[in-house]
Structures are given as C-alpha cells and as structure tokens.
Amino acid sequence: MDIKCSVFIAASVDGFIARPDGDIDWLHRPEYEASELSGVTYESFIATVDALVMGRKTLEKVLSFPEWPYEGTPVIALSHQPLRIPAHLEGKLEVMAGDVTSLMATLAERGMKHVYIDGGQTIQTFLEAGLVNELIITRIPVVLGQGIPLFNQLGSEHALHHVGTYVSDNGFVQSQYQVMTGTRAAQ
C-alpha cells in the first residue's frame, strides 16, 4: 500500500492534547498568535495531504468550532456509531467504520497518497497498526496537569528517527520524527 500517514498535533509539555473535558482553548492564547512559527506550519502541512482521518470525539470537537476548518480537504470520521452529517458538510465529510488497514487500502484505491491522522485514540490505533509514517508534534509551553493524553498505554514499542526540532519565539517546540518500521527501540 503506497500511502503516507502523518500526524500533525499539538500537546502540552506534560503530553496532553486536550483538557479532561476535551477543551483546547489553551492552544489559542493571544501571545501564541503573534509569533512567526519555525518548523512545519499547519498551512504548509495541510497543503500536502489528500484527506484527513479523525475519530468521532475529535469530529464532535471540530463541529463546535464557528467555521469548518478543513475547507477543500476531504475528511473521514471513524465511528462505529451512526453520525448525522450536518447539511453544510455533505460531500465534505464521510463517516467510515472498520479496521484502519482496510480503510487505508480503500483510500489508496481512491488514489490518495498522503493522509493526515488526527485525534488521540485514532493516532494510537494507526500507530499500533503500523500505519503512521511521520509524527510532527508541537509542544505548547503549558503544563495542564491532567487531560487527554497524546499517547496512552500503547501496546508496543515504536522506534523513531529524529528528523528535526524547531523552536519558535512564542515557546513552541516542534519535533518531527519518521516512524521506523520493523525495528524496536534500543532496550
């Protein structure tokens, strides 16, 4: 299967992607917006992807935003429960169920080459299935103390190759990794 899966996500210094209730307003402080960012920007990243795959909980959070943030990018929401797609998102959002390996085969058959994986549980599922090729994690200068972890208890070890780390004036520290396949991290 010739399809690249990338994770592009922000996390607190203590490894949380959201507060316990799913709130992410800590990502949007005015002091963060003023600085030019080093590393891979969201705009340059999203321009390279053919589709975005997210879990149901992430979709529910995104649907609470005032505007749909993925205009021009097909979005696939993973859910084993029926979801009602809002009328304004018909044709922009597709709900799929099933195992992630089959999903990726379907997307590859559709001609997709690069897929963005988003949402804590979804990222972990794709990583465990050996489907994630790249992790781009931006650490935000805040300790939340509790919340939804980026990585919970994964079932196995994953070796990473460090591609680069970039520091922005606003305190963001972005690290980019290639996920090594068929290797375990050194014991």
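Each value, and the rule that gives it
Residues numbered from 1 in each chain as written. Predicted model: local features only at pLDDT ≥ 70, side-chain atom pairs only at ≥ 80, totals over all residues. Heavy atoms only, no water. Helix = DSSP H or I, 4+ residues; strand = E, 2+ residues; numbered from the N terminus. Rg over C-alpha atoms; globule rule 2.2 N^0.38 Å. Buried < 20%, exposed > 50% of the residue type's maximum accessible area, 1.4 Å probe, protein only. Contact = heavy atoms within 4.5 Å. Areas by Shrake-Rupley, 256 points an atom, 1.4 Å probe, with all protein chains shown as cover. Lys, Arg positive; Asp, Glu negative; His and termini not counted. Charge placed at Lys NZ, Arg CZ, Asp CG, Glu CD. Pairing = 2+ DSSP bridges. Core = buried A, V, L, I, M, F, W, Y, C linked by side-chain atoms within 4.5 Å. Axes fitted to C-alpha atoms, helices over the stretch in contact; angles between N-to-C directions. Arc of directions from axis to C-beta. Polar contact = N/O pair within 3.5 Å; in protein donor to acceptor, adjacent residues only side chain to side chain.

- By the naming in an unreviewed UniProt entry, the protein is Deaminase/reductase, taken from Pseudomonas simiae.

### Quick notes on the overall build of the protein
Phase 1: Counting its secondary structure elements, the protein contains 5 helices and 10 strands.
Phase 2: The C-alpha atoms of the protein give a radius of gyration of 16 Å, which matches the 16 Å a tight globule of 187 residues would have.
Phase 3: Overall, the C-alpha framework of the protein stretches about 45 × 40 × 30 Å when taken along its three principal axes.
Phase 4: Taken across its 187 residues, the protein has 42% of its residues classed as buried.
Phase 5: In the protein, once contacts between residues fewer than 6 apart in sequence are set aside, the share between residues at least 24 apart is 70%.
Phase 6: Surface accessibility of the protein: about 10100 Å² in total, with carbon and sulfur atoms responsible for 51%.
Phase 7: Measuring between centres, the 12 positive side-chain charges of the protein sit 5 Å from its 22 negative side-chain charges.

### Here we look at the pairing of strand S1 (residues 4-12)
Phase 1: Across the 9 residues that make up S1, a large majority, 8, are buried.
Phase 2: Sheet analysis places S1 next to strand S6 (residues 114-118), joined by 4 bridges and oriented parallel. Each bridged residue has a counterpart across the sheet, and for Val-7 the counterpart in S6 is Ile-117.
Phase 3: Pairing geometry for S1 and strand S7 (residues 134-140), over 7 bridges, is parallel. Bridge pairing in S7 places Phe-8 opposite Ile-136.

### Some remarks on the nonpolar core
The nonpolar side chains of soluble globular proteins are, as a tendency, buried together.
Phase 1: Within the largest apolar cluster, 27 residues are counted, with the highest numbers of intra-cluster contacts made by Val-53, Ile-76, Leu-103, Met-104, Leu-107, Ile-117 and Phe-126.
Phase 2: For this core, the secondary structure elements donating two or more residues are S1, strand S3 (51-55), strand S4 (75-78), helix H4 (100-109), S6, helix H5 (120-128) and S7.
Phase 3: Those residues in contact with Ile-117 that lie beyond four places of it in its chain are Cys-5, Ser-6, Val-7, Phe-8, Val-53, Thr-122, Ile-123 and Phe-126.
Phase 4: In terms of nonpolar packing, the next biggest core, distinct from the first, is built from 16 residues, Phe-8, Trp-68, Val-75 and Tyr-116 among them.

### Here we look at the side chain of Ser-168
Phase 1: Of note, Ser-168 is situated in the loop between strand S9 (160-167) and strand S10 (173-179).
Phase 2: With a relative accessible area of 5%, Ser-168 lands in the buried category.
Phase 3: When near neighbours in sequence (up to four residues on either side) are disregarded, Ser-168 contacts Glu-36, Leu-37 and Ser-38.

### Digging into the environment of Gln-124
Phase 1: Inspection of the secondary structure puts Gln-124 in helix H5.
Phase 2: Gln-124 sits in the buried class, given a relative accessible area of 13%.
Phase 3: The spacing of Gln-124 and Ile-3 is 121 residues in sequence and 18 Å in space, taken between C-alpha atoms.

### Brief notes about the sheet that holds S10
Phase 1: Sheet architecture is open: 8 strands sit in the order S5-S4-S3-S6-S1-S7-S10-S9, paired in mixed fashion. Because the sheet does not close on itself, it has two edges, and the strands there are strand S5 (93-96) and S9. Averaged over all adjacent pairs, the angle separating strand axes in this sheet is 20 degrees, with direction ignored.
Phase 2: Where S7 and S10 come together, 6 bridges link them in antiparallel fashion. Across the sheet, the residue bridging to Leu-135 is Tyr-177, located in S10.
Phase 3: Packing of helix H3 (residues 56-63) onto the sheet brings it into contact with S3, S4, S5 and S6, and relative to S3 it is tilted by some 105 degrees.
Phase 4: Most of the contacts of H5 go to S6, to which it runs at about 125 degrees, and overall it touches S1, S3, S4, S6 and S10.

### Examining H4
An α-helix turns once every 3.6 residues. As a result, residues three or four positions apart point the same way.
Phase 1: Within H4, burial applies to Val-100, Leu-103, Met-104 and Leu-107. Each buried residue of H4 lies within a common arc of 95 degrees when the element is viewed along its axis, so the set occupies one face.
Phase 2: Tucked into the core, H4 has its buried residues touching S1, S3, S4, S5, S6 and H5.
Phase 3: The N-capping residue of H4, defined by a side-chain oxygen 3.2 Å from the backbone nitrogen of Thr-101, is Asp-99.

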